[in-house]
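Here is how the chains run, residue by residue.
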Amino acid sequence: MLKKESFSFVIAVGFMLFALFFGAGNLIFPVMLGQLSGDNAWAANAGFVVTGVGLPLLGVLAFGFSGKSDLQSLASRAHPLFGLIFTTVLYLAIGPLFAIPRTGSVSYEIGVKPFLGEDAGFLPLLIFTILFFGITCYFSMNSSKIVDIVGKILTPLLLIFIGILIVTAIINPIGNFSAPTENYMEHSFFKGFQEGYLTMDALASFVFGIIVINAIKEKGITDKKRVMITCFKAGLIAAGLLAIIYSALTYIGAGSVEKLGYLENGGVVLAGVSNYYFGPYGRVLLGLIVIAACLTTSIGLITASATYFHKLFPQISYNGLTIYLSIFSMIFANIGLMKLISISVPVLVAIYPLAICLMFLTFIHTLFKGKPEVYLGSFLLTFIVSFFDGLNAAGIKIQEINELFTAILPLQTVGLGWIIPAVVGGILGYLFSMMSKKKTAF
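Residues numbered from 1 in each chain as written. Predicted model: local features only at pLDDT ≥ 70, side-chain atom pairs only at ≥ 80, totals over all residues. Heavy atoms only, no water.

### Considering the packing of helix α11 (residues 224-260) against helix α12 (residues 266-278)
Keep this limit in mind: Helix axes are fitted only over the stretch in contact, all axes being lines through C-alpha atoms; the angle between N-to-C directions runs from 0 to 180 degrees. By definition, any uninterrupted DSSP run of H or I lasting at least four residues is a helix, any uninterrupted run of E lasting at least two residues is a strand, and each is numbered from the N terminus. Each angle receives one of four descriptions, namely roughly parallel if under 35 degrees, roughly antiparallel if over 145, roughly perpendicular if within 65 to 115, and oblique otherwise. Between two residues, a contact is recorded if the distance between any of their heavy atoms is within 4.5 Å. Side-chain classes are defined by residue name, with Ala, Val, Leu, Ile, Met, Phe, Trp, Tyr, Cys and Pro counting as nonpolar, Asp, Glu, Lys and Arg as charged, and the others, Gly among them, as polar.
One way to put it is that α11 packs onto α12 with a least axis distance of 10 Å and a crossing angle of 75°. Regarding the angle of α11 to α12, the classification is roughly perpendicular. In this structure, α11 contributes Leu 249, Ile 252, Ser 256, Lys 259 and Leu 260 to the contact, and α12 contributes Val 269, Leu 270, Gly 272, Val 273 and Tyr 276. When the residues that make up the contact of α11 with α12 are grouped by side-chain class, the tally is 7 nonpolar, 2 polar and 1 charged.

So, in C-alpha cells, the structure goes:
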C-alpha cells in the first residue's frame, strides 16, 4: 500500500516552498510595479504573476515530473557539457554572486538602515551581514530540519507581518491610482512579465524543487505519481500565497503615488506606506517583514548551493561549503544593493529564456523521444537572441543586430523575441535527428 502524505505535511511543505521563494525582492518589485503602472496596474500585475508565480510552480513540477535527482542531470539531456555549464551558471546567479548577497543587503537597507543616521558608514552593514549570514550558516548546516524551521516557524510569522500591512491598506486605501508612467502606457502586461525575472524565482524553482522532492521522499512517499500529486498540492499553496501577496502589494504601490509621490525603489515605497499607516511602528513592522523574508530565502539558497557544489567538488565537505558560501555572500553583500541589481539584470535576461525552454521541453520530453538535438536546437537559437538582449540590458547595444531582430522576430519589442526561435530550433533539431537516423540506417 502506498504511503499517503498527511494534510499537515502538505501545508508545511507548501509554506516552506512559499518562504523559500519569497525574499525581499518579492516585496520590493511588485510594490514598485504598482507605482509605475498606475491605472494599468492589474495588467502589469498579471504579467508579473506569470513569471513570478506561474513559472516557479511550473519549474518545481517539471523537476518532479522529470524524475531526475538534480538540475545537472536534467539539463544534461541536451549534452553533459551544457548540463554542467548551465547548472553552474544558474547556481552562481541565484547563489553567491547575486541572490544570496542580495538577501543580506536588502535586509540591511530596509530593516536596519532607516533606524541609523545618515553618516552611519560601512561598519553597521558589515556587523549586520556578519550576524545575518552567521544565522543563515547555522540553519543551513541543519538542513534536515528545514521543513520544521522554515515551514512551521518562520513562514507563519512572515505571513502575519505581511498580512497586517496588506489588510490595513485594503481597509483604508492610501490613495487613488495615478496615470501610468511612460514604460507602462503600452504593453504593460509584457513589461510586468519581464519585471518578474528580477525575482529569480523561475531559476530558483529547479533548485528549490530538489528540496521539496527530497522532503517528500523522506516521508516515505517514493511513488512518482504520489510525489507529483504532493508536489502539486504544496506548489498550489505556495503559488496561491504568492499571487495574493503580489497582487495586494501592486495595489498598495499603485495607490501610494497620490500621497507619497514617485519614489526611487520599492523599499522606499514600503517604508513610506508603513510609516503612513503605523508611524514609527511601521518601520519596525517593515524591518521584521524584510529580515524574515530574506532569512528564509537565504537559508534555502545556501542549502541548495552547498549541496550542488559538494557534488561537484566532493573533496570539500557540505559544512565547509556552507561556511565558504556564507562568507563569500557576506563580502558581496557589502558592495551595495544597487550594484548587485545592476550586475544581475543582464545575466538574468540572458539565462531566463533558457530556463523557461527547459521547463517546457521537460514536459514534452516523451513526445520527441528525448532527442538531445531538440534540446540543443531550441537552446542554441534561444540563447542567440537572449544573449543580445542581455547585452542591451547591460547598456551594450549593437544597433545592426537589434534592428535585424526587431524586423524578423515577433514580440522582440516586448522582450519575448526568443520564443519563435526556441520553437523553430526545437523543430530543426528534431528534423536533424531524423535525417541523421536515416543516414545511419543506410
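Having seen the structure, we can now continue with the description.
### With respect to the confidence of the model for the chain
Rule in force here: The pLDDT score gives, residue by residue, the confidence of the prediction method on a 0 to 100 scale.
Confidence in the prediction of the chain, expressed as mean pLDDT, is 87, and 94% of residues score 70 or more. Taken element by element, the chain is modelled with least confidence in helix α8 (residues 146-171), mean pLDDT 72, and with most confidence in helix α16 (residues 372-393), mean pLDDT 95.

### A short note on a nonpolar patch on the surface
Applied cut-off: Note on patches: the residues involved have over 30% relative accessible area and no salt bridge, like charges join within 9 Å, and the nonpolar side chains Val, Leu, Ile, Met, Phe, Trp and Tyr join within 5 Å. Using the Shrake-Rupley algorithm and a 1.4 Å probe, accessible areas are obtained, with residue cover drawn only from the displayed protein chains. Each reported salt bridge corresponds to a side-chain nitrogen of Lys or Arg within 4 Å of a carboxyl oxygen of Asp or Glu. Three exposure classes are used, based on accessible area relative to the maximum for each residue type with a 1.4 Å probe and protein chains only: buried under 20%, partly exposed in between, and exposed over 50%.
Residues Ile 420, Val 423, Val 424, Ile 427, Leu 428, Tyr 430 and Leu 431 make up a contiguous nonpolar surface patch of roughly 590 Å² in combined accessible area. Locating Ile 420 in the fold gives a position in helix α18 (residues 419-441). Judged by its relative accessible area of 41%, Ile 420 is partly exposed.

### Focus: helix α7 (residues 123-141)
The line we're drawing: Multiplying one less than the number of residues by 1.5 Å gives the expected span of a helix. What the arc measures is the spread of directions leading from the helix axis to the C-beta atoms.
With 19 residues, α7 should reach 27 Å at 1.5 Å per residue; the first-to-last C-alpha distance of 27 Å fits that figure. Taken together, the buried positions of α7 are Leu 125, Phe 128, Thr 129, Phe 132, Phe 133, Thr 136, Cys 137 and Ser 140. The arc that holds the buried residues of α7, viewed along the axis, is 165°, so those residues lie on one side. Residues Leu 131 and Tyr 138 are exposed on α7 and point more than 90 degrees away from its buried face. Against the buried residues of α7 lie α6 (99-111), α13 (280-312) and α14 (318-333).

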